[in-house]
Amino acid sequence: MHGSRIAAIGHYQPARILTNEDLAGMVDTSDEWIRSRVGIRTRHIAGPDEPVDELAAHAAAKALAAAGLTPADIDLVLVATSTAIDRSPNTAARVAARLGIPGPAAMDVNVVCAGFTHALATADHTVRAGAATRALVIGADKMSEITDWTDRSTCVLVGDGAGAAVVEACAEGEEPGIGPVLWGSVPEMGHAVRIEGTPPRFAQEGQSVYRWATTQLPAIARQACEKAAVAPEDLAGVVLHQANLRIIEPLAEKIGAVNAVVARDVTESGNTSAASIPLAFSKLLEQGALRGGDPVLLFGFGGNLSYAGQVVRCP
């Protein structure tokens, strides 16, 4: 049973950019208010004719091209999303159909903001067990579709986008490129982040999430490093769920990754839920801030008060 690795990664964002100044014309807010509280300057918003599976397929196609693979090389599609409005066909099946992937296992993973790291661990386990050879792991969310645009406490936070990774088995004797996952949840506090109702709407208890993330999660993230036998100070990068700059910066500092590049894509993209980690990771690679083989901590947290993290090697 060999380990697995990330062969390539890609991302996609809709063309429309919504600025803080734009929001100030919609609700009682301002650029200064938003920046001081969450650090966000802009976010990308999908149009009514851009469903979440389309965002996912664009990111997946880029990852496939970067890996030098064709759709026929994929036998597992996992899509982490919490904004799929339709229940069947699931988003993964629709992505497979868009890309022309013949006969894959196709599953959605709904762990909200920790969805991508849960899906990545699931793909790693599946490939290790021999149940799949190559997997597409996608985080995609269209948060704009579940947002109350008259509620300034939530509408200033969200954005749309997708990120995708190709996961494949390591060669014999090759060190695993995806470390052991550390995951869990606080189900009794699941009410702190919600997508409920008809139509579904996003709501959260911001202070509860902030306290939990900044006090409980640093020790958990360090344990993910321990499971991978990588000291925090040896990390080249830290890619946390892009929820809020006021959560990302203290959390990264408390982890002890003093030499790492810390993803701060939230400033440009807002909170894109399950898309945020692969989106930010892909951008760091594209910008040359990380190099092939670098150890990077991916750590998702949020909805359900769930979390999942692992150390990966850059493709």
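It should be noted that the structure appears before, not after, this text.
(A) A look at the sheet that holds strand β12 (residues 261-262). Taken in spatial order, the five strands of this open sheet run β8-β14-β13-β11-β12, and their pairing is mixed. The open sheet has two edge strands, β8 (182-185) and β12, and neither has a second partner. Judged from the four bridges that link them, β8 and strand β14 (residues 306-313) form a sheet pairing that is antiparallel. Paired with G184 across the strands is Y307, a residue of β14.

(B) Quick peek at the nonpolar core. Core analysis: the largest hydrophobic core is formed by 47 residues, its most contacted members being W212, L217, L235, L240, L297, F299 and F301. Among the secondary structure elements, those contributing two or more residues to this core are α2 (31-38), α7 (206-215), α8 (217-227), β11 (237-240), α9 (245-255), β13 (295-301) and β14. The leading source of residues in this core is α9, at six residues. Beyond its immediate chain neighbours, meaning those up to four positions away, L240 contacts I248, L251, A252, I255, I277, F299 and F301. The next biggest cluster of nonpolar side chains, apart from the first, holds 33 residues, and it includes V111, V127, A165 and L284.

(C) Region of interest: the packing of aromatic side chains. Counted by the stated rule, this structure contains one aromatic pair. A ring pair is formed by F299 and F301, whose centres lie 6.3 Å apart and whose planes are at 40°; its orientation type is tilted. One residue, R152, lies across the ring of W33, its end atom 4.5 Å from the ring centre. The ring centre of Y210 lies 5.2 Å from the NZ or CZ of R246, which sits over that ring.

(D) Seen up close, the sheet that holds strand β7 (residues 160-169). The strand order across the open sheet built from five strands is β1-β7-β6-β4-β5, with neighbouring strands paired in mixed fashion. What marks the edges here is a single partner per strand, and that holds for β1 (4-12) and β5 (105-109). Strand-to-strand twist in this sheet, taken as the mean axis angle between neighbours without regard to direction, amounts to 15°. With five bridges joining them, strand β4 (residues 76-80) and strand β6 (residues 134-142) adopt parallel strand pairing. In the strand pairing of β6, A80 is matched with G139. Here helix α11 (residues 276-287) sits on the sheet in contact with β1, β6 and β7, set at roughly 95° to β1.

(E) How the structure looks around unusual backbone geometry. For the bond from S88 to P89, the omega torsion is 0°, close enough to zero to count as cis. Looking at the secondary structure, you find P89 in the loop between β4 and α4 (91-99). With omega at 0°, the peptide bond leading from T198 into P199 counts as cis. When you line up the elements, P199 lands in the loop between β9 (193-196) and β10 (201-204). Non-glycine residue V112 carries a positive phi angle of around 50°. On the basis of relative accessibility, which here comes to 10%, the residue V112 falls in the buried class.

Here is what the cut-offs are and how they apply
- Residues numbered from 1 in each chain as written.
- Predicted model: local features only at pLDDT ≥ 70, side-chain atom pairs only at ≥ 80, totals over all residues.
- Heavy atoms only, no water.
- Pairing = 2+ DSSP bridges.
- Helix = DSSP H or I, 4+ residues; strand = E, 2+ residues; numbered from the N terminus.
- Core = buried A, V, L, I, M, F, W, Y, C linked by side-chain atoms within 4.5 Å.
- Buried < 20%, exposed > 50% of the residue type's maximum accessible area, 1.4 Å probe, protein only.
- Contact = heavy atoms within 4.5 Å.
- Phe/Tyr/Trp six-rings, centres within 6.5 Å; stacked < 30°, edge-to-face > 60°.
- Lys NZ or Arg CZ within 6 Å of the ring centre and 35° of its normal.
- Axes fitted to C-alpha atoms, helices over the stretch in contact; angles between N-to-C directions.

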